[in-house]
Amino acid sequence: MDPMIRLILAQGMLGLNNGVFYAMLSLGLAVIFGLLNVVNFAHGALYMLGAFLALILYSNLGPWLGLDALHIGFWPALVLAPLMVAGFGMLIERFLLRRLYKLDPIYSLLLTFGITLVLQGVFINFFNASGTPYPGMPDSLKGVVNLGFMMFPKYRLFVIVFSIIVCFGTWFIIERTHIGARLRAGTENPELVKAFGINVPLMVMLTFGFGTGLAGLAGVLAAPIYSVSPLMGANLIIVIFAVVVIGGMGSILGAVVTGFSLGLIEGITKVFYAPASNTVIFLLMVIVLLVRPQGLFGKHG
Amino acid sequence: MTDIAEFEAETAPETMKRGRVVQGIMWALLIAAVLIAPALLYPVFAMQLLCFALFAVAFNLLIGFTGLLSFGHAAFFGGAAYIAGHVLKVWGFPPILGILTGTLFAAALGWLVGLLAIRRQGIYFAMITLALAQIVYFFALQMPFTGGEDGLQGIPRGYLLGMIDLSQPLNMYYFVAAVFLIGFAVIYRVVHSPFGQVLQAIRENEPRALSLGYNVDRFKLLAFVLSAGLAGLAGSTKALVFQFASLTDAHWQMSGEVILMTLLGGMGTIFGPVVGAVIVVALQHMLSGIGSWVQVVIGGTFIACVLLFRRGIVGEIARMLKVGGWL
Amino acid sequence: MSTQTLTKPMLKIEGLHAWYGESHVLHGIDLELAEGQLITLLGRNGAGRSTTLRSIMGMVDRREGSILINGEEFITKPAHRISPDARIGFCPEERGIFASLSVEENLMLPPTVGENGMSVEELFEMFPNLANVRKRMGTRLSGGEQQMLAIARILRTGARLLLLDEITEGLAPVIVKTLGRVIRDLKSRGYTIVLVEQNFRFAAPLADRHYVIEHGEVIDVIEAADVEASMDRLNHYLSV
């Protein structure tokens, strides 16, 4: 195979791997925005929280409890940490965000920004600001797979496949099930849905929990790849905002497709001009704003 | 946001009179505080207060008087600091010209960012400005002249008009004080001009302003450029005061801090951002011993302001004295 | 005002006030109807007829007074408990068909509120047009189809008290005629119905009683038997 093509494919795979996180986070952001009209700035911080919970379950919980042999591993963490993040998200919705629904949405953005700073500050205090590696990667996912054009880490391949399943599952629930129909109806006209006898405040809380749970899940998936650091979410959320501006927040599938594609593009950019890989998503955002300001999947301007 | 009863109360003759008096007192207090500050505070700290106060006042022109939430104002503040620092240090520009260069750069950058961001409204506007500011941050990190992680160091203060030595703290202080007062007066004039009235009409009801025949986008863009330029003035001045420009100045957290200053002091008030800036900067100073808990305090203040205290300090005072719109 | 007291009112509203934000829109509505009856709320646009229905459903910012349904007080109930606890079906102004939901999803959306709701098959029999478009999205329906769907949707839930807001608005005469047949059929099946209606000729033959609303108050009540004699009054109320 031509070495250039090989390089592009390899960087593309790594880029796709970042795209996983773009897709899962912008998906959660879009689900939340649809029903609540809230842009959750804390989404990145909750992703960070998910990663830290996985780390804590493996490394810290045992010593804290005096049970040095206790390591809650990756698989249980993959279930527990997102549930805990979702629970935390629901507390935020119930006790803080709910007071702001009648106001301009910038207030909920600012509130969640404040939550971001608090979470970040707390974790910088208790953990190394520059990051801690996650030691709990399961043995079954260690090693590499030969993709023909490159040796690809087995774990990363798992992450790509797993997240595609999660994204598709989310799309299926929202677009094809009865619960999803209620959610879509609530997005359109919450007042009427309430008048039909559906407990909309509860639905809003659960939806926020679901969206933040997705962020937590992405965090657990990220833990074995990137080092777990208090700032891992803050830098990501800004990229996610650009992804969301590019894709438009109106469509679930749009969020997922945009997330994966931008990861891919970012990866391939590394092949041609590495310094631009940081900014290529932002530059694409600029182009989209010039050509199609409502976003690729946005419905109106 | 103001309801009709409040509006009528504001425009009643006795309120107008009381408003003028209270505003006069505030002006006097502000000027007095600026003049005597170096007798009470370290000059560098006092100058830091003035730079951030100017930054917040400039920011407030957008959020408070036009209703646009920019989440990327650090780009103008920090970007101007780098440019001013570079022309002062490498090209040997005199102080005023250096500061003006930084200001013009920020205004030009503001024009570019504004042009893109006003293509979307509301919450998207905030996200776009945040993302665009991140490009500026990456430039500051990667460009050869910025010094990367170390920042741009060793910016000379130089001689004002070729004769006043700005390395003397008091000379520098009164120069910064003059910059601040000029910037503040510019914002005050803008807000009270017909242009400012249109901006406030846009904030209150954009579709209505549009239907009255105003070119809303042009007004928004002009407000954005002005706000960015004055934020750049603050950033350039800060670079001259501290003699360096750093990544912190261009970081998104700085954009958040200027929002907090404005929110805490009172969005859409004239004096609020000054009060907010003084409190936030002083708080950071006092709490510098507790490390990153400062961030928790700042975040907590944010949450408290949004939930309980949306008028801000000056906004609340104005309401108590029934002089809304005059402070 | 000549309100006869009913022996067993299913719905009894007394002194109902309602607000949107700061604006006070209902100023003491009184009305009642017995099980199996049909009443109309007449009046000009903005008189408060739709708001009366929305107030019953809890879709206003604040409401005061008394809303008794089968003897139970509903004024303080949270909005999402009203429909299930009172077995109400609400058909809002402009139909309230969800654009992002298919016909079937729209039909299945409201939770069941009682037994003996009509089955989907029965409903498709009643509204044959809907059967052909069951997979279509809500936006891609004609006005008549949307209206039939909005009615079918609440009949499925087992509601016994139907609040129908302007169901003939903007529809072709032939469809209005069909709807008239449907309403008469529903009445004969024992449903209790409140009809907000602009089209008096549509409403007159169906109703047991007419309430005329103006400025958020009931200004007249006309029994079906007295309609002929009260035509002048009615014309005056309804003339624009």
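Reading the values: rules and limits
- Residues numbered from 1 in each chain as written.
- Chains lettered and ligands numbered in written order.
- Predicted model: local features only at pLDDT ≥ 70, side-chain atom pairs only at ≥ 80, totals over all residues.
- Heavy atoms only, no water.
- UniProt positions renumbered as here; feature names shortened; annotations may be inferred.
- Helix = DSSP H or I, 4+ residues; strand = E, 2+ residues; numbered from the N terminus.
- Expected span 1.5 Å × (residues − 1).
- Bend = angle between axes of the 7 residues up to and from the residue.
- Buried < 20%, exposed > 50% of the residue type's maximum accessible area, 1.4 Å probe, protein only.
- Contact = heavy atoms within 4.5 Å.
- Buried area = accessible area lost by both parts, 1.4 Å probe.
- Salt bridge = Lys/Arg side-chain N within 4 Å of Asp/Glu carboxyl O.
- Polar contact = N/O pair within 3.5 Å; in protein donor to acceptor, adjacent residues only side chain to side chain.
- Core = buried A, V, L, I, M, F, W, Y, C linked by side-chain atoms within 4.5 Å.
- Phe/Tyr/Trp six-rings, centres within 6.5 Å; stacked < 30°, edge-to-face > 60°.
- Nonpolar A, V, L, I, M, F, W, Y, C, P; charged D, E, K, R; others polar.
- Pairing = 2+ DSSP bridges.
- Axes fitted to C-alpha atoms, helices over the stretch in contact; angles between N-to-C directions.

- In the nomenclature of an unreviewed UniProt entry, chain C is known as ABC transporter domain-containing protein of Thioclava pacifica DSM 10166.

- In the nomenclature of an unreviewed UniProt entry, chain A corresponds to ABC transporter permease from the organism Thioclava pacifica DSM 10166.
- Quoted verbatim from the Subcellular location (unreviewed entry) field of UniProt, the annotation for chain A is "Cell membrane".
- In its Sequence similarities (unreviewed entry) section, the UniProt record describing chain A reads: "Belongs to the binding-protein-dependent transport system permease family. LivHM subfamily."

Describing helix 2 (residues 13-40) of chain B
All names here are of chain B.
Then step 1. Helix length check: helix 2 (28 residues) gives 39 Å between terminal C-alpha atoms against 40 Å at 1.5 Å per residue, within 8%.
Then step 2. At V34, helix 2 shows its largest bend, some 35°, and a proline, P38, comes one to four positions later.
Then step 3. Those residues of helix 2 lying buried are T15, G19, V22, Q23, W27, L30, V34, A37 and P38.

Topic: the interface of chain A and chain C
Then step 1. Of the residues lining the interface, 18 residues belong to chain A; the matching set on chain C comes to 22 residues.
Then step 2. Counting the surface lost from both chain A and chain C, the interface buries some 1700 Å², and carbon and sulfur atoms represent 64% of this.
Then step 3. When the shortest N-O distance is used, the salt bridge between E105 of chain C and R184 of chain A registers 2.8 Å.
Then step 4. Inspection of the chain A/chain C interface yields six residue pairs in polar contact (both at pLDDT 80 or more).
Then step 5. Secondary-structure elements contributing two or more residues to the side of chain A that touches chain C are helix 6 (178-188) and helix 7 (190-195) of chain A.

A look at the nonpolar core
Then step 1. Of all hydrophobic cores here, the largest spans 302 residues; its most connected members are L69 and F71 of chain B together with L11 of chain C.
Then step 2. Per-element tally for this core: the top contributor is helix 3 (residues 43-63) of chain B, with 17 residues.
Then step 3. When residues no more than four places from it in sequence are discounted, the contact partners of F71 of chain B are F41, L109, L110 and F113 of chain A together with A126, T129, L130, S255, G256 and I259 of chain B.
Then step 4. If you look at the next biggest cluster of nonpolar residues, it comprises seven residues, including L42, V212, V227 and Y237 of chain C.

Description of the packing of aromatic side chains
Then step 1. Applying the stated criterion across every chain, the model contains 37 aromatic pairs over all chains.
Then step 2. Taking the centre distance of 5.5 Å and the plane angle of 85° together, the rings of F41 of chain A and F241 of chain A count as edge-to-face. With F41 of chain A in the loop between helix 1 (3-36) and helix 2 (43-65) and F241 of chain A in helix 9 (residues 232-247), the pair connects residues that are 200 residues apart, well separated along the chain.
Then step 3. Ring geometry for W75 of chain A against F158 of chain A: centres 5.5 Å apart, planes inclined by 80°, an arrangement best described as edge-to-face. Residue W75 of chain A is found in helix 3 (residues 74-95), and its partner F158 of chain A is found in helix 5 (residues 154-176); the two are separated by 83 residues along the sequence.
Then step 4. F158 of chain A gets classed as buried once you look at its relative accessible area, which sits at 17%.
Then step 5. Each member of the aromatic cluster is reached from another via a ring pair, and the members are F41, F113 and F241 of chain A together with F71, W252 and F302 of chain B.

Brief notes about the interface of chain A and chain B
Then step 1. Opposite the 45 residues of chain A that make contact, chain B presents 36 residues.
Then step 2. Across the chain A-chain B interface, the total number found is zero salt bridges.
Then step 3. For the interface between chain A and chain B, the tally reads seven residue pairs in polar contact (both at pLDDT 80 or more).
Then step 4. Secondary structure elements with two or more residues in the side of chain A that touches chain B: helix 4 (105-126), helix 9 and helix 11 (280-291) of chain A.
Then step 5. It is helix 4 of chain A that provides the largest number of residues to the side of chain A that touches chain B, a total of 17 residues.
Then step 6. Each residue belonging to the side of chain A that touches chain B can be placed in one class, and the counts come to 34 nonpolar, 10 polar and one charged.

Brief notes about the sheet that holds strand 7 (residues 161-165) of chain C
All names here are of chain C.
Then step 1. Here we have six strands laid out as an open sheet, ordered 6-7-8-3-9-10, and mixed in their pairing. Strands at the two margins of the open sheet, each flanked by one partner only, are strand 6 (88-91) and strand 10 (217-223). Here the average twist between neighbouring strands, direction ignored, is 15°.
Then step 2. Strand contacts of helix 6 (residues 143-155): strand 6 and strand 7, with the helix running at about 170° to strand 6, the strand carrying the most contacts.
Then step 3. Running over the sheet, helix 7 (residues 173-188) touches strand 3 (38-42), strand 7 and strand 8 (192-196) and is turned about 150° from strand 8.

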